[in-house]
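# What the coordinates show
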Amino acid sequence: MYASVVVDVNAKRVDKLFDYEVPAELASIMKVGMRVVVPFGPRKIQGYIIELVDRNHEKALKPILHIQDMTPELNTELIRLSEWMQTTHIAKRIAVLDIMLPRAVKGKYHKVYRLEEPEEVSDELYQLFSQNRVRISSLSADQLAALKPYVEAGVITEDVEVRQQQKVKTQKAVELCDINLDTALEALRSDKQKACLLMLADEGVLTLKELKERDFSAAVVNGLVKKELVRKIDIEDTRDPYQHREFLQDGKKVLRDEQQTAYDEISGAVAAGKNEVFLLHGITGSGKTEVYLQTIADVLDNGQTALMLVPEIALTPQMVERFKARFGDRVAVMHSGLSMGERYDEWRKIRKGEARVCVGARSSVFAPFENLGLIIIDEEHEASYKQEDYPRYHARDIAMWRGEYNSCPVILGSATPSLESYARAEKGVYRLLTLSRRANQFPVPSVNVVNMRDELAAGNRSMFSAELTQAINDRIQKGEQIVLFLNRRGHAQFLLCRDCGHVPNCPNCDISLTYHKVTDELKCHYCGHKEYKPVTCPNCDSEHIREMGVGTQKVEELIYQHFDGAKVIRMDNDTTSRKGAHEQLLDKFRDQEANILLGTQMIAKGLDFPNITLVGVLNADTMLNLPDFRSSERTFQLLTQVAGRAGRADKEGHVIIQTYNPEHYAIQYAKNNDYTGFYKEEMNYRRIGKYPPYYYLVNLIFSHTDMKEVLLESKHIHQTLLHHLSPSSYVLGPAPCAIARINNQYRFQIIIKFKSEPELLQALTYLDDYYYEKFVKNKFNLSIDINPQMLM
DNA sequence: AGCACGCCGACT
DNA sequence: GTCGGCGTGCTC
């Protein structure tokens, strides 16, 4: 028997299967998907079994050394998926496997010395070794020198230990030996020991902790162990991040007409095991989640499993609570806040079938379910579903593949669907389900757009328009709550000299430095360059060099200056980076410890507090002005989302949008809560500009420290593409990127636009291979982004 | 990627 | 003469 193995070496040249002999003693337990340790050239590394072949290989092969786990980490579906991703995403197989699996299973390598002949060394040296082995990295130079002659003599040998990053946590437990209970009980003299034995006979395995809780001390247990009536074993212990939380049981809610229709359609597909994609277009508060919950319940009743993806920032405790309340401990939750071990435990709960529902962020799309019956992607328009670094993938694409593989329905849910999805629904590729009314019958909040140019003309140079100022004061007085939203992008603080206009730039990148008040430093967000804030202008020596742009910190200060009785909770990257801080701040706001919540993107979702009656968007247009074809769509989505935060309870909600472009269609349609209006107009621009969903895009970015090199290669890339691709496709560029230099690398881009391009993958694979060699030789960098979320 | 092999320069 | 620089090539 031999096995085809993907080896844990992240390099293009070994991105293929290597065949190994399966030793006879492993043949019976060897399974596809297992991790193994194999010899690879002169080294020893971890690998994944992709295929097992039950006959001899033409060549003599090296043997697999040992297996890493008894239960395969990968199932057949994930192996097939990784194969598909390798070709369609132009990625290395091992890189794909690495993102699919929890980080904890990744191999860790330690060089060790093994003491082969203990009697040959001095006592002093012998002390160094525990169980006849010692890690080389733990030895000092002196110790290494002392060991050297023995290594040469073969008394001590060098070896590599392959282990996984994180061990499975175990607990000590006790179980009965294979004994006759009656005779054992008769022979025992201690009542405590008899009782203990009986309890074990009754309940099977008990942990030491459980025994202690029932008043059986270690002495009692040890007595029984000594008599060989029971034995100690290690059992797997799962870290449950929610173990100390009580969840209330929650039952089904009655569905309203539109919800019921949507539910009926989906559960029809679930029952039929049909791979159909539904686009659930439901406005905020229309009760999408209840539809999800009930369809998931059906899937579980069907004996199948269900996967639900939500954006990381929407994965709030409230959201988790709702799932736990409905499905109890059948739910696994995966988000970035988990430790490596916790994440691994959740993963294993799914793999072992203990968890049958998974709620998680992007990477949960790889959850190792068997028998998937339903996949849901909530807020499907969210850009965070696309992994922006290598290997780039979109969770939606992966979900589609898995839906097809498992022959199960996929639900895409959103209040503001991406244009791509809505267009497919219009064409009938997806089935459109609409929830147009709020489930709770509360009115949609009223929205006002304030023209900041008028404010400026009227002499108001502050961040707050007259209307917003009055509204805030009013709510503070009434004891109601306010959410203020600040678009972070484009509003970082930077320095500007009032005399000469100089802006300090990063020496390594073509971008201005961001001012950080806390440390009084200037930082580059792209290369990490840091410098102290200059006292005078480096260009003209003027003292009038000041911070420009408004960050959340600055706005917080302004609010306190501007409004009496304001109490602000600020949520941004600075205040929420600590683990659990996000949750704590929201709890404080819910408990009315503050009346104003000020934040960035992250407050646009998931908060659902009854007392919020005013939402203010301080700067609606910063996003609008980004040089990206999706900027209108993003703005529309964000504004609609933010507006949905107001007036959820019996108090009427009001939204004020401040902007310098009040007549812009994205803002106007958001104001009128008119998705289809926006969709139609935006589609028109996309058609004219040959952008998605009319055309597919590929973005190639290439960079090198030498500009000449980049220009030269850009011609080659351009030519290659023109040569390979059909005439109906467009190859645009090469042109300098929006940020033309990062970390001293000059960056250029080429954009491909196409409707149908059979040769595309072949051409891209060719370029990827060709430039891989160039990268190895002279650090020329090419990155390929298929279906990019951003063109910058 | 990592490791060995191999072929040239500056040192005890 | 040899230690060590890193270019080249291979890994079932």
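All figures in this text were calculated on a predicted structure; none of them were measured in a lab.

## Considering the UniProt feature "domain: Helicase ATP-binding" (unreviewed entry) in chain A
Using the residue numbers shown here, the UniProt feature "domain: Helicase ATP-binding" (unreviewed entry) corresponds to residues 269-435. Regarding residues 269-435, the helix share stands at 37% and the strand share at 24%, and the terminal C-alpha atoms are separated by 19 Å.

## Things to note about the packing of aromatic side chains
Any pair of aromatic rings gets described here by the distance separating the centres and the angle formed by the planes. Under the criterion given, the structure shown has 20 aromatic pairs. Here Phe-629 and Tyr-691 contribute two aromatic rings whose centre-to-centre distance is 4.6 Å and whose plane-to-plane angle is 5°, an arrangement assigned as stacked. Of this pair, Phe-629 sits in the loop between strand S30 (612-617) and helix H21 (631-643) while Tyr-691 sits in the loop between helix H23 (675-689) and strand S32 (696-704), and the two are 62 residues apart along the sequence. Accessibility expressed as a relative area gives 11% for Phe-629, which makes it buried. For Tyr-691, a relative accessible area of 25% gives the class partly exposed. Aromatic pair Tyr-665 and Tyr-685: ring centres 5.1 Å apart, planes at 35°, arrangement tilted. Residue Tyr-665 is found in helix H22 (residues 665-671), and its partner Tyr-685 is found in helix H23; the two are separated by 20 residues along the sequence.

## Considering the protein's contact with DNA strand C
Around DNA strand C sit Arg-13, Val-14, Lys-16, Phe-18, Asp-19, Tyr-20, Pro-39, Phe-40, Gly-41, Leu-61 and Lys-62, and those are all the residues in its vicinity. Counted by atom, the contact set of DNA strand C within 4 Å of the protein is 46% sugar and phosphate. Between a sugar or linking oxygen of DNA strand C and a main-chain N or O atom of Gly-41, the distance comes to 2.9 Å. In this structure, Lys-62 approaches DNA strand C through a side-chain N or O atom, which is 2.4 Å from a phosphate oxygen. Counting only elements with at least two residues in the surface near DNA strand C, the list comes to strand S2 (18-21) and strand S3 (35-40). Examining the composition of the surface near DNA strand C, we find that 3 residues originate from one element, S2, more than from any other. Taken together, the residues of the surface near DNA strand C sort by class into 6 nonpolar, 1 polar and 4 charged.

Procedures and definitions
Residues numbered from 1 in each chain as written. Chains lettered and ligands numbered in written order. Predicted model: local features only at pLDDT ≥ 70, side-chain atom pairs only at ≥ 80, totals over all residues. Heavy atoms only, no water. UniProt positions renumbered as here; feature names shortened; annotations may be inferred. Helix = DSSP H or I, 4+ residues; strand = E, 2+ residues; numbered from the N terminus. Phe/Tyr/Trp six-rings, centres within 6.5 Å; stacked < 30°, edge-to-face > 60°. Buried < 20%, exposed > 50% of the residue type's maximum accessible area, 1.4 Å probe, protein only. Near = heavy atom within 4 Å. Polar contact = N/O pair within 3.5 Å; in protein donor to acceptor, adjacent residues only side chain to side chain. Nonpolar A, V, L, I, M, F, W, Y, C, P; charged D, E, K, R; others polar.

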